Amino acid sequence: MEPGNPYQDPHRRFNPLTRDWVLVSPHRTERPWRGQLESDSSVPPLTYDPTCYLCPGNERAGGARNPKYQTTFVFTNDFAALKPEVQPARQDDSGRALLLSESEAGTCRVMCFSPRHDLTLARMTVPEITSVVDMWAEQSAEIGSLPYVNYVQIFENRGELMGGSNPHPHGQIWANQTLPNEPRKEQESQRAYLEKNDACLLCDYLRLETQVRTRMVVENAHFAALVPFWAIWPFEVLLLSKRHTGAVGPLDSAVRDGLAEIFKQICTRYDNLFEISFPYSMGFHQSPTDGEAHPEWHLHAHFYPPLLRSATVRKFMVGYELLAGPQRDITPEAAAATLRNLAGIHYADRKPR
């Protein structure tokens, strides 16, 4: 098999970040993608929805009222999953760590990307997205400095299929006292790679992908977006900083502009895939805020979209995936080629209204 070409027979691919494997079965499809476009017959959404609890000036479910914000707006979640006022506690009712529990302090914030109810990151301008990036950086630094916070998780759930119950453009920032499961796996893998090779895992990986290019989707001077070799979701994207840096906060203005630009390009490609507002769950993985040096950490973001062949055909992690391990039919190389070819104007701007 030549490097960079899709493998033709069933095979496993190793994810060096989590040390898990994914089963790839390209023979299960006659061709890599049979995409179906959807008729976008929805009524154009309102720029302001008086019933939306995230729109400027409206009352939220918890009773507080939003200010009439003009750009981004951040507030502490009225029904937060984590709270700062938690007494330290540890309990093991079994004595053998079979019924072990620990207290967990933290905070949860909601971040509105825009005052306009009808926008998404794909439909926002690059300067508007830069304001979002600036707020991500500001919030990461502020929250990460709290004495009870050791990890800051930025994420966005876009669309009802990914749990986005409110269409207003927004994301969330959760901060934990302890390192959550997925970042912990990635930290252990990146640290082990650094100790063994005296090099950054994702720097080396990006160098390989830049040479091969079959899984590259889009890049600019500061970031590269690609379908990772070990992708699980059909059109999964890994966004990597080209410069070795551990977090969003220290990025300078030029790099933040580059991040905003590539976000728009990724999200536009997603929307153009089936000509719908594409659902996904996106999140940054960055270095912990525990006060220690983390040279192993390389800033990146994961995009996990659930759709497979149309707006109504999604990938379900059930059966074998749930009980044994993840499996995919469309190869990462084929998915990357599909996304690469969807550059250009957003589909909604091409259609007469």
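A. Layout of the overall build of the chain. The secondary structure content of the chain amounts to 7 helices and 16 strands. Taking 353 residues into account, the globule formula puts the C-alpha radius of gyration at 20 Å, and the chain, at 21 Å, falls close to it. Overall, the chain is about 60 × 55 × 45 Å in size when its C-alpha atoms are taken along their principal axes. Buried positions account for 51% of the 353 residues belonging to the chain. In the chain, 68% of the contacts between residues at least 6 apart in sequence involve partners at least 24 apart. Here the chain carries 36 positive and 42 negative side-chain charges, and the mean point of each set is 4 Å from the other.

B. Just the sheet that holds strand S11 (residues 237-241), in detail. The 9 strands are arranged S3-S6-S8-S7-S12-S13-S11-S10-S9 in an open sheet whose pairing can be described as antiparallel. Two strands close off the open sheet at either side, each with one partner strand: strand S3 (73-76) and strand S9 (216-219). The mean angle between the axes of side-by-side strands here comes to 20°, regardless of whether they run parallel or antiparallel. Pairing analysis gives 4 bridges linking strand S10 (residues 223-226) to S11, with the strands arranged antiparallel. Considered in S11, the bridge of Leu 226 is made with Leu 238. Contacting S3, strand S6 (106-112), strand S7 (151-158), strand S8 (170-176) and strand S12 (280-285), helix H1 (residues 126-144) crosses the sheet at an angle of about 165° to S6. Lying over the sheet, helix H4 (residues 253-274) contacts S9, S10, S11, S12 and strand S13 (300-304), oriented at roughly 20° with respect to S10.

C. Looking closely at the packing of helix H2 (residues 181-197) against helix H3 (residues 201-212). Packing of H2 against H3 leaves a shortest axis separation of 8 Å and a crossing angle of 80°. By the angle between their directions, the pair H2 and H3 is classed as roughly perpendicular. Across from Ser 189, Gln 190 and Tyr 193 in H2, the residues of H3 making contact are Leu 201, Leu 202 and Asp 204. Classifying every residue of the contact of H2 with H3 by side-chain character gives 3 nonpolar, 2 polar and 1 charged.

D. Focus on the sheet that holds strand S1 (residues 11-15). On the basis of which strands lie adjacent, the open sheet formed by 3 strands has the order S1-S2-S16 and mixed pairing. Sheet topology places S1 and strand S16 (327-328) at the edges, where each strand pairs with a single neighbour. With 5 bridges connecting them, S1 and strand S2 (residues 20-24) associate as antiparallel partners. Bridge assignment links Phe 14 to a residue of S2, and that residue is Trp 21.

E. Up close: the nonpolar core. With 55 residues, the main nonpolar core has Trp 136, Leu 239, Phe 263, Phe 284 and Phe 303 as its most contacted residues. A per-element tally of this core places H4 first, with 10 residues. Non-local contacts of Phe 284, meaning those with residues more than four positions away in its chain, are made with Trp 136, Tyr 151, Gln 153, Ile 154, Val 248, Leu 259, Phe 263, Leu 299, His 300 and Ala 301. Residues Leu 17, Val 22, Leu 201 and Leu 226 belong to the second largest nonpolar core, which totals 14 residues.

F. Highlighting the packing of aromatic side chains. This structure, assessed with the given rule, holds 15 aromatic pairs. Above the plane of the ring of Trp 21 lies Arg 12, whose end atom (NZ or CZ) is 3.9 Å from the centre. For the cation-ring pair, Arg 13 lies above Phe 229, with the distance from its terminal atom to the ring centre recorded as 4.3 Å.

G. Inspection of the pattern of salt bridges at higher detail. All told, the structure shown has 19 salt bridges when counted by the stated rule. For Glu 142, the salt bridge is made with Arg 109, and the minimal N-O distance between the two is 3.0 Å. Linking Glu 142 in helix H1 with Arg 109 in strand S6, this pair joins segments that are 33 residues apart in sequence. Classification of Glu 142 by relative accessible area gives partly exposed; the value is 38%. Judged by its relative accessible area of 13%, Arg 109 falls in the buried class. Of the charged contacts in the structure, one is a salt bridge between Asp 204 and Arg 207, with a shortest N-O distance of 2.7 Å. Taken together, the residues Asp 204 and Arg 207, both in helix H3 and 3 residues apart, mark about one turn of the helix. Put simply, Arg 13, Glu 209, Arg 215 and Glu 333 are held in one network by salt bridges that share partners.

H. Seen up close, the side chain of His 170. Take His 170: it is sitting in strand S8. The buried category is assigned to His 170, whose relative accessible area is 13%. Within the structure, the side chain of His 170 is placed 2.6 Å from the backbone oxygen of His 168, a separation counted as a polar contact. Filtering out sequence-adjacent residues up to four positions away, His 170 remains in contact with Leu 54, Val 110, Met 111, Cys 112, Phe 113 and Glu 156.

I. Up close: unusual backbone geometry. We note that Arg 213 has phi near 75°; this positive angle belongs to a residue other than glycine. In this structure Arg 213 comes out as partly exposed when scored by relative accessible area, which is 35%. The backbone of Glu 275 shows a phi angle near 55°, a positive value even though the residue is not glycine. You can see Glu 275 is positioned in the loop between H4 and S12. Note on Glu 275: relative accessible area 13%, which makes it buried.

J. Highlighting the pairing of S10. On S10, burial covers both faces: Phe 223 and Ala 225 on one face and Ala 224 and Leu 226 on the other are all buried. Counted along the chain from S9 to the antiparallel partner S10, the turn is 3 residues long.

Rules used in this analysis
- Residues numbered from 1 in each chain as written.
- Predicted model: local features only at pLDDT ≥ 70, side-chain atom pairs only at ≥ 80, totals over all residues.
- Heavy atoms only, no water.
- Helix = DSSP H or I, 4+ residues; strand = E, 2+ residues; numbered from the N terminus.
- Rg over C-alpha atoms; globule rule 2.2 N^0.38 Å.
- Buried < 20%, exposed > 50% of the residue type's maximum accessible area, 1.4 Å probe, protein only.
- Contact = heavy atoms within 4.5 Å.
- Lys, Arg positive; Asp, Glu negative; His and termini not counted.
- Charge placed at Lys NZ, Arg CZ, Asp CG, Glu CD.
- Pairing = 2+ DSSP bridges.
- Axes fitted to C-alpha atoms, helices over the stretch in contact; angles between N-to-C directions.
- Parallel < 35°, antiparallel > 145°, perpendicular 65-115°, else oblique.
- Nonpolar A, V, L, I, M, F, W, Y, C, P; charged D, E, K, R; others polar.
- Core = buried A, V, L, I, M, F, W, Y, C linked by side-chain atoms within 4.5 Å.
- Phe/Tyr/Trp six-rings, centres within 6.5 Å; stacked < 30°, edge-to-face > 60°.
- Lys NZ or Arg CZ within 6 Å of the ring centre and 35° of its normal.
- Salt bridge = Lys/Arg side-chain N within 4 Å of Asp/Glu carboxyl O.
- Polar contact = N/O pair within 3.5 Å; in protein donor to acceptor, adjacent residues only side chain to side chain.

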